[in-house]
Amino acid sequence: MNNWFECKISYEKMMENGAVKKVTEAYLVDALSFTEAEERITTAVEPFISGEFKVEDIKRARLAEVFLYEDGDKYYKAKVSFITLDELSGREKRTPTYMLVQASTIDEAKDRLIEDMKGTLSDYVVESLTETKLLDVFTYGEEPAHG
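What you see is a predicted model; the values in this text were computed from it and never measured. (Residues numbered from 1 in each chain as written. Predicted model: local features only at pLDDT ≥ 70, side-chain atom pairs only at ≥ 80, totals over all residues. Heavy atoms only, no water.)

S.K.: Explain the sheet that holds strand β8 (residues 134-138) to me, please; I cannot follow it from the model alone.
M.R.: Note: strands within a sheet are paired through backbone hydrogen bonds, in either parallel or antiparallel orientation. Strand order in the open sheet formed by 4 strands is β3-β1-β2-β8, with mixed pairing between adjacent strands. Edge positions in the sheet fall to β3 (53-61) and β8, since each has one partner strand and no second. When strand polarity is set aside, the average angle formed by the axes of neighbouring strands in this sheet is 25°. As defined by bridge partners, strand β2 (residues 20-30) adjoins β8 across 4 bridges and the pair is classed as parallel. What sits directly across from leucine 28, in β8, is valine 137. Lying over the sheet, helix α1 (residues 34-45) contacts β1 (4-14), β2, β3 and β8, oriented at roughly 135° with respect to β3. (Pairing = 2+ DSSP bridges. Helix = DSSP H or I, 4+ residues; strand = E, 2+ residues; numbered from the N terminus. Axes fitted to C-alpha atoms, helices over the stretch in contact; angles between N-to-C directions. Contact = heavy atoms within 4.5 Å.)

Structure, rendered in structure tokens:
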């Protein structure tokens, strides 16, 4: 089981027009603890940032699944509700779950999500699909490589 952490890094970035602007970038890191997440994100971004940077925020990302594809340049967060039937009342119950899908467009993300969910035995509905501000995802056991 993965433990996902969303890490935000801030630093001063040289813009294309030559101006220096303070930016904050978000990354997703698979780690065992907040401490390890901070260490992993620091190691991952250090070679690509000139000057000082700061880990501004680390928070646990409650993701049931992360579907990564090398040809996608964006990350989309999906809210998927699993549908069960309460046998006593006969009412439909929806249990929301969050997933992340890497794709180039929102339509491609939806298609990939549906494809990845084909083996699911439970009924489900995709409630929402939104583009995130994540720049990269670092899985556990993989050496971070900036994408």
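S.K.: I'm lost on the sheet that holds strand β6 (residues 92-103) in this one. Help?
M.R.: Ordered in space as β4-β6-β5-β7, the 4 strands form an open sheet in which the pairing is mixed. Of all the strands in the sheet, just β4 (65-67) and β7 (123-131) have a single pairing partner and so form its edges. Going across the sheet, the axis of each strand differs from the next one's by a mean of 25°, ignoring polarity. Two strands pair when backbone bridges link them, and strand β5 (residues 74-85) and β7 are joined in this way by 8 bridges, in the antiparallel orientation. Bridging from a neighbouring strand, phenylalanine 82 pairs with tyrosine 124 of β7.

S.K.: How should the pairing of β6 be read in this particular structure?
M.R.: Remember that side chains alternate between the two faces of the sheet whenever the strand is regular. The sheet contact formed by β4 and β6 spans 3 bridges and is parallel. Bridge pairing in β6 links valine 66 to leucine 100. As defined by bridge partners, β5 adjoins β6 across 12 bridges and the pair is classed as antiparallel. The residue of β6 that forms the bridge with serine 81 is proline 96. Linkage of β5 to β6, two consecutive antiparallel strands, is achieved through a turn of 6 residues, within which glycine 90 is found at a positive phi near 75°.

S.K.: Explanation requested: the packing of aromatic side chains in the structure shown.
M.R.: Here a ring pair, both rings aromatic, is described through the centre-centre distance and the interplanar angle of the planes. Within the structure shown, the criterion is met by 3 aromatic pairs. Measuring from ring centre to ring centre gives 4.8 Å for phenylalanine 5 and phenylalanine 34, while their planes differ by 70°; the resulting arrangement is edge-to-face. Here phenylalanine 5, found in strand β1, pairs with phenylalanine 34, found in helix α1; they are 29 residues apart in sequence, far enough to count as distant. On the accessibility criterion, phenylalanine 5 (0% relative accessible area) is buried. For phenylalanine 34, a relative accessible area of 39% corresponds to the partly exposed category. The lysine or arginine in question, lysine 77, covers the ring of tyrosine 98, its NZ or CZ lying 4.9 Å from the ring centre. (Phe/Tyr/Trp six-rings, centres within 6.5 Å; stacked < 30°, edge-to-face > 60°. Buried < 20%, exposed > 50% of the residue type's maximum accessible area, 1.4 Å probe, protein only. Lys NZ or Arg CZ within 6 Å of the ring centre and 35° of its normal.)

S.K.: What's the story with the nonpolar core in this structure? I'm lost.
M.R.: Burial of nonpolar side chains together is a common tendency in soluble globular proteins. Grouped together as the largest cluster of nonpolar side chains are 16 residues, with contacts concentrated most on Cys7, Ile9 and Ile41. If you list the elements that add at least two residues to this core, you get β1, β2, α1 and β3. In this structure, Phe67, Tyr76, Phe82 and Met117 belong to the second largest nonpolar core, which totals 12 residues. (Core = buried A, V, L, I, M, F, W, Y, C linked by side-chain atoms within 4.5 Å.)

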